[in-house]
Amino acid sequence: MTTGHEEEHPVKAFGWAARDTSGILSPFNFFRRATEDEDVRFKVLYCGICHSDLHSAKNDWGISMYPLVPGHEIVGEVTEVGRKVKKVKVGDKVGVGCMVGSCDSCQGCDNDLENYCPQMIFTYSSIYHDGTVTYGGYSDTMVANERFIVRFPENMPLDAGAPLLCAGITVYSPLKYFGFGEPGKHIGVVGLGGLGHVAVKFAKALGAKVTVISTSASKKDEALEHLGADSFVVSRDPEQLQAAKSTMDGILDTVSAVHPILPLIDLLKPHGTLVMLGAPERPLELPVFPLLMGRKMVAGSCIGGMKETQEMIDFAAKHEIAADIEVVSMEYVNEAMERLAKGDVRYRFVIDIGNTLAATKP
């Protein structure tokens, strides 16, 4: 779908956008709205590259609107605030994650769960309250209602902290909600990528025992020695799977590709829960019998509300948790997307918007 209302806004902006399902990004001039009473405007300094950006740029989920400016792990410095804004001031370091709006009146919004609002507005490729299209953080400036602004503590690095606005809250929220992040709990983390590596860090900081579950035996030393996991299971090794059977209270499955989940269900203790965090392009096969025999559950979780996102950032700053990143220039973004599709990143690309975007202007 292609749409264009950006000329209705008065503030000039510049970024990179995908124009079609090739997903190729290129320079793009557009407009953002004026700063309203409850808005915060900030200069974008860094933006993480999430797997969702790749899916969206290529319209893998069938909901993309072109031109599409991706990016929902956005951090920068406040340049202007509306007259009713109380949360931040000019000069503060802030971030915006996966959403920029909601209805403000449903049960989800009333309970600080804007992420489950039926009218939740995504940071990009979504329709805002005024009927215009939202554009993400692969751009020089950003504006959002203060409800959807996250304050960054002084000791949180902006570049390595940016991915926490999506990857971080995506794993932190289920760790808290399902009671996984507690001393005495044994948690599995499937996939050691952008989500998985921060899941290990948060789970350990919350006191849990952590086992990384991966198809790649080559990631064992990284998981155990660098990230601090307690154990490692190669999911293609029947003997290792058998040895770990019925040992885990919960599992966070961060894999966004189609994969079998029966082996994961078998790793759960009775009453255990497998939480799906990735979004495969095709439906997964769900065997029911193993669920019946252990009162096991398969659940899902999607980012977190704004109150919990701020809590997550503050917790991360206190425990010195940040993403392991590779900082890239704006002009490298298409190569970064190609590498991301192949899993060739350790563990999150972050675009240095502040220092490299302007040089790409035509």
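The rules we used
Residues numbered from 1 in each chain as written. Predicted model: local features only at pLDDT ≥ 70, side-chain atom pairs only at ≥ 80, totals over all residues. Heavy atoms only, no water. UniProt positions renumbered as here; feature names shortened; annotations may be inferred. Core = buried A, V, L, I, M, F, W, Y, C linked by side-chain atoms within 4.5 Å. Buried < 20%, exposed > 50% of the residue type's maximum accessible area, 1.4 Å probe, protein only. Helix = DSSP H or I, 4+ residues; strand = E, 2+ residues; numbered from the N terminus. Domains from an automatic or database assignment. Contact = heavy atoms within 4.5 Å. Buried area = accessible area lost by both parts, 1.4 Å probe. Salt bridge = Lys/Arg side-chain N within 4 Å of Asp/Glu carboxyl O. Polar contact = N/O pair within 3.5 Å; in protein donor to acceptor, adjacent residues only side chain to side chain. Patch = residues over 30% accessible without salt bridge, like charges linked within 9 Å, V, L, I, M, F, W, Y side chains within 5 Å. Areas by Shrake-Rupley, 256 points an atom, 1.4 Å probe, with all protein chains shown as cover. Pairing = 2+ DSSP bridges. Axes fitted to C-alpha atoms, helices over the stretch in contact; angles between N-to-C directions.

The protein appears in an unreviewed UniProt entry as Putative mannitol dehydrogenase from Morella rubra. Turning to the protein, the UniProt record has this under Sequence similarities (unreviewed entry): "Belongs to the zinc-containing alcohol dehydrogenase family." Quoted verbatim from the Cofactor (unreviewed entry) field of the UniProt record, the comment on the protein reads "Zn(2+)".

Draft legend 1. Representation of the nonpolar core. Counting residues in each nonpolar core, the largest one holds 57 residues, and the members touching the most others are L164, V171, L175, V200, F202 and L252. When contributions to this core are tallied by element, the ones reaching two or more residues are β3 (39-49), α4 (167-177), β10 (186-190), α5 (194-205), β11 (209-214), β12 (231-234) and α10 (306-318). Residue assignment places this core across two domains, with domain 1 (11-166 + 325-360) and domain 2 (167-300) each supplying three or more. Setting aside its immediate chain neighbours within four residues, L164 contacts M156, I169, V198, F202, M312, I313, A316, I321, A322 and A323.

Draft legend 2. Focus on the domain arrangement of the protein. Along its sequence, the protein is organised into domain 1 (11-166 + 325-360) and domain 2 (167-300). Here the C-alpha centroids of domain 1 and domain 2 sit 28 Å apart. If you look at the interface, domain 1 gives 12 residues, while domain 2 gives 17 residues. Here domain 1 packs against domain 2, burying approximately 1100 Å² in sum over the two surfaces, 52% of which is carbon and sulfur. Considering only the side of domain 1, the residues that lose the most area to domain 2 are L164, C166 and Y347, jointly responsible for 51% of the buried surface there. The tally of links from domain 1 across to domain 2 stands at 1 salt bridge. Between R346 and E222 there is a salt bridge, with the nearest N and O atoms lying 2.8 Å from each other. At the junction of domain 1 with domain 2, the criterion picks out 9 residue pairs in polar contact (both at pLDDT 80 or more).

Draft legend 3. Broad picture of a nonpolar patch on the surface. A surface patch of nonpolar side chains, amounting to about 480 Å² of accessible area, comprises V288, F289, L292 and M293. With respect to the element layout, V288 can be found in the loop between β14 (268-276) and α9 (289-292). Residue V288 is classed as partly exposed on the basis of its relative accessible area, which comes to 48%.

Draft legend 4. Quick peek at the side chain of R41. In this structure, R41 sits in strand β3. Within the structure, R41 has its side chain in polar contact with the side chain of T35 (distance 2.9 Å).

Draft legend 5. Here's a closer look at the pattern of salt bridges. A complete count under the given rule lists 15 salt bridges for this structure. Taking the shortest distance from any N to any O, the salt bridge between R33 and D39 comes out at 2.9 Å. Its relative accessible area of 9% is what places R33 among the buried residues. In this structure, E80 and R41 form a salt bridge, with 3.6 Å as the shortest nitrogen-oxygen distance. Note that E80 is positioned in strand β4 (residues 74-81) and R41 in strand β3, a separation of 39 residues in sequence. Residue E80 is classed as partly exposed on the basis of its relative accessible area, which comes to 37%. Relative accessible area serves as the criterion here: at 6%, R41 is assigned to the buried category.

Draft legend 6. Quick peek at the pairing of β4. Two strands pair when backbone bridges link them, and β3 and β4 are joined in this way by 7 bridges, in the antiparallel orientation. Looking at the pairing, V40 lines up with V81 of β4. Direction of pairing for β4 relative to strand β5 (residues 93-96): antiparallel, over a ladder of 4 bridges. Pairing of G76 across the sheet is with V94, part of β5.

Draft legend 7. Layout of unusual backbone geometry. Omega for the peptide link from Y66 to P67 comes to -5°, which places this bond in the cis form. Within the secondary structure, P67 sits in the loop between α1 (51-57) and β4. Omega for the bond connecting R346 with Y347 falls within 30 degrees of zero, at -10°, which places this linkage in the cis form. Assignment of secondary structure puts Y347 in the loop between α11 (333-341) and β17 (348-351). Not every positive phi belongs to a glycine, and D104 is a case in point at roughly 70°. A positive phi angle is found at R295, which is not glycine, with a value near 45°.

Draft legend 8. Quick look at the sheet that holds β10. Strand order across the open sheet formed by 6 strands is β12-β11-β10-β13-β14-β15, with parallel pairing between neighbours. Each of the sheet's edge strands pairs with one partner strand only, and the pair in question is β12 and β15 (297-300). Neighbour-to-neighbour, the strand axes of the sheet open up by a mean angle of 20°, direction not taken into account. Two elements, strand β13 (residues 248-253) and β14, share 5 bridges in a ladder whose sense is parallel. Of the residues in β14, the one forming a bridge with M248 is L268. Contacting β10, β11 and β13, α5 runs over the sheet at an angle of about 165° to β11.

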